[in-house]
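Chain and residue survey
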Amino acid sequence: MKIVMLGAPGAGKGTQAKKIAESYGVPHISTGDIFRANIKNDTELGRKAKTYMDKGELVPDELVVELIMDRFKEPDCEGGYVLDGYPRTIPQAEALDSALEEAGEKLDYAINVDVPDEVIINRMSGRRACLKCGATYHIQYNPPAVENTCDACSEELSLRDDDREETVKNRLEIYHEQTEPLEKYYSEHGVLYNVDGTKDMDEVFESIRTIVGN
Ligand code: AP5
Ligand code: MG
Ligand code: ZN
């Protein structure tokens, strides 16, 4: 099963992708998480990506496409995957389509988590992230068991560098400009499904289950 998660920054793509991965036994691949892990480990890729991410801009397509194509070569991708944060531009979607076509495969679902901009800004300020394992929490809507500590790996949680309000506004602007057109793209490919992302996390997941089935 191959799924793409679409939606604005903070719509809940990562939250839902984790649930899909657990429930359907496919790997959760988040380009944002991969970049943040590289930044944490101070790799060359991380240093390149950071200059864009801190401003809320997109990392150039060449870098992202290369990264994702490498990731697809890992054996855990054989049974499919849930992509979170990729593709984010039309050229990235086209690169994915060419790779799938070459392998004689196809995308099953593009799930668009729909949340208006006002709700997003409130969500981001309360988000706390584990930079070690990628788990995401919210101080109000999804708090960890022990304050500021990751449930999964006990790492101390952090506020993401790009979650400052000004940067969030910039990310939203870039989303509307460059990423939202993917809704039309996938709709034309007959694989677009919309879910209301303003509901609580479990209800959103129920809507996704209805689409994907068991
Ligand atoms: P990335 O990490 O992908 O960030 P994003 O798209 O901005 O999305 P977020 O991770 O911020 O939000 P999310 O939708 O995953 O929401 P979450 O589940 O955490 O990318 C970061 C940067 O990396 C980009 O800006 C770019 O620079 C670069 N990058 C990455 N991929 C790239 C690509 N393909 N091309 C170019 N550049 C790329 O939820 C948000 C908060 O809300 C959490 O606190 C959560 O607990 C809470 N929440 C979730 N669902 C609900 C709910 N239903 N009700 C209440 N609260 C909820
Ligand atoms: Mg995310
Ligand atoms: Zn963790």
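Data block above holds the structure.
Quick summary incoming for the structure in this document. (Residues numbered from 1 in each chain as written. Chains lettered and ligands numbered in written order. Predicted model: local features only at pLDDT ≥ 70, side-chain atom pairs only at ≥ 80, totals over all residues. Heavy atoms only, no water.)

Comments concerning the overall build of the protein chain
Counting secondary structure elements, the protein chain contains nine helices and seven strands. Relative to the globule expectation of 17 Å for 214 residues, the C-alpha radius of gyration of the protein chain, 16 Å, shows essentially globular dimensions. Across its three principal axes, the protein chain shows a C-alpha extent of roughly 45 × 40 × 35 Å. Across the 214 residues that make up the protein chain, the buried fraction comes to 44%. Summarising the internal contacts of the protein chain: among those between residues at least 6 apart in sequence, 69% fall at separations of at least 24. (Helix = DSSP H or I, 4+ residues; strand = E, 2+ residues; numbered from the N terminus. Rg over C-alpha atoms; globule rule 2.2 N^0.38 Å. Buried < 20%, exposed > 50% of the residue type's maximum accessible area, 1.4 Å probe, protein only. Contact = heavy atoms within 4.5 Å.)

Things to note about the pattern of salt bridges
Considering all chains together, one arrives at 19 salt bridges under this definition. The salt bridge partner of Lys-2 is Glu-105, with a shortest N-O separation of 3.6 Å. Of this pair, Lys-2 sits in strand 1 (residues 2-7) while Glu-105 sits in the loop between helix 5 (90-102) and strand 4 (109-114), placing them 103 residues apart in sequence. The partner of Lys-55 in a salt bridge is Glu-57, with the nearest N and O atoms 3.9 Å apart. Residue classification places Glu-57 among the partly exposed residues on the basis of a relative accessible area of 33%. By sharing partners, the salt bridges in this structure join Arg-127, Arg-160, Asp-162, Asp-163 and Arg-171 into a single network. (Salt bridge = Lys/Arg side-chain N within 4 Å of Asp/Glu carboxyl O.)

Some points on the packing of aromatic side chains
Inspection of every chain in the model, using the stated rule, returns three aromatic pairs. Between the aromatic rings of Phe-72 and Tyr-81, the centroid separation amounts to 4.6 Å while the plane-to-plane angle is 10°, which identifies the pairing as stacked. As far as the burial class goes, Phe-72 and Tyr-81 line up, both buried. Each ring, one from Tyr-185 and one from Tyr-186, has its centre 5.1 Å from the other, and the planes form 85°; the classification is edge-to-face. Of the two residues examined, Tyr-185 and Tyr-186, each falls in the buried class. (Phe/Tyr/Trp six-rings, centres within 6.5 Å; stacked < 30°, edge-to-face > 60°.)

A look at the site of ligand 1
Neighbouring residues of ligand 1: 35 residues in total, closest Thr-15, Glu-57, Arg-88, Arg-127 and Arg-171. Between ligand 1 and Ala-11, the relevant distance is 3.3 Å, taken from an oxygen atom to a main-chain nitrogen or oxygen of the residue. A total of 1,000 Å² of accessible area belongs to ligand 1 in isolation, and the protein chains cover 97% of it. Listing elements by their share of the shell around ligand 1, those giving two or more residues are helix 1 (13-24), helix 2 (31-40), helix 6 (117-126) and strand 6 (136-138). Considering each element in turn, the shell around ligand 1 owes the most residues, four residues, to helix 2. Here the residues of the shell around ligand 1 sort into 13 nonpolar, eleven polar and eleven charged. (Near = heavy atom within 4 Å. Polar contact = N/O pair within 3.5 Å; in protein donor to acceptor, adjacent residues only side chain to side chain. Areas by Shrake-Rupley, 256 points an atom, 1.4 Å probe, with all protein chains shown as cover. Nonpolar A, V, L, I, M, F, W, Y, C, P; charged D, E, K, R; others polar.)

Topic: the nonpolar core
One broad trend across soluble globular proteins is that nonpolar side chains are buried collectively. With 27 residues, the main nonpolar core has Val-4, Phe-72, Tyr-81, Leu-83, Tyr-86, Leu-96 and Tyr-186 as its most contacted residues. At the level of elements, strand 1, helix 3 (44-53), helix 4 (61-72), strand 3 (81-84), helix 5 and helix 8 (181-188) are the ones that each hand at least two residues to this core. Ranked by residues supplied to this core, first place goes to helix 4 with six residues. With near-sequence residues (within four places) excluded, Tyr-86 lies in contact with Val-4, Thr-31, Val-64, Val-65, Ile-68, Met-69, Gln-92, Ala-95 and Leu-96. (Core = buried A, V, L, I, M, F, W, Y, C linked by side-chain atoms within 4.5 Å.)

Examining the layout of surface pockets
In this structure, the second largest pocket encloses a volume near 200 Å³. What lines the second largest pocket is Arg-36, Ile-39, Lys-40, Lys-50, Met-53, Asp-54, Leu-131, Ser-158, Leu-159, Arg-160, Asp-161 and Asp-162. Listing elements by their share of the lining of the second largest pocket, those giving two or more residues are helix 2 and helix 3. Take the lining of the second largest pocket: its biggest share by element is three residues, from helix 2. In terms of residue class, the lining of the second largest pocket is built from four nonpolar, one polar and seven charged. (1 Å grid on protein atoms, 1.4 Å probe; cavity = no way out; pocket = protein on both sides within 12 Å on 5 of 7 lines; lining within 4 Å. Points joined across faces, edges and corners; volume = space filled by probe spheres on them.)

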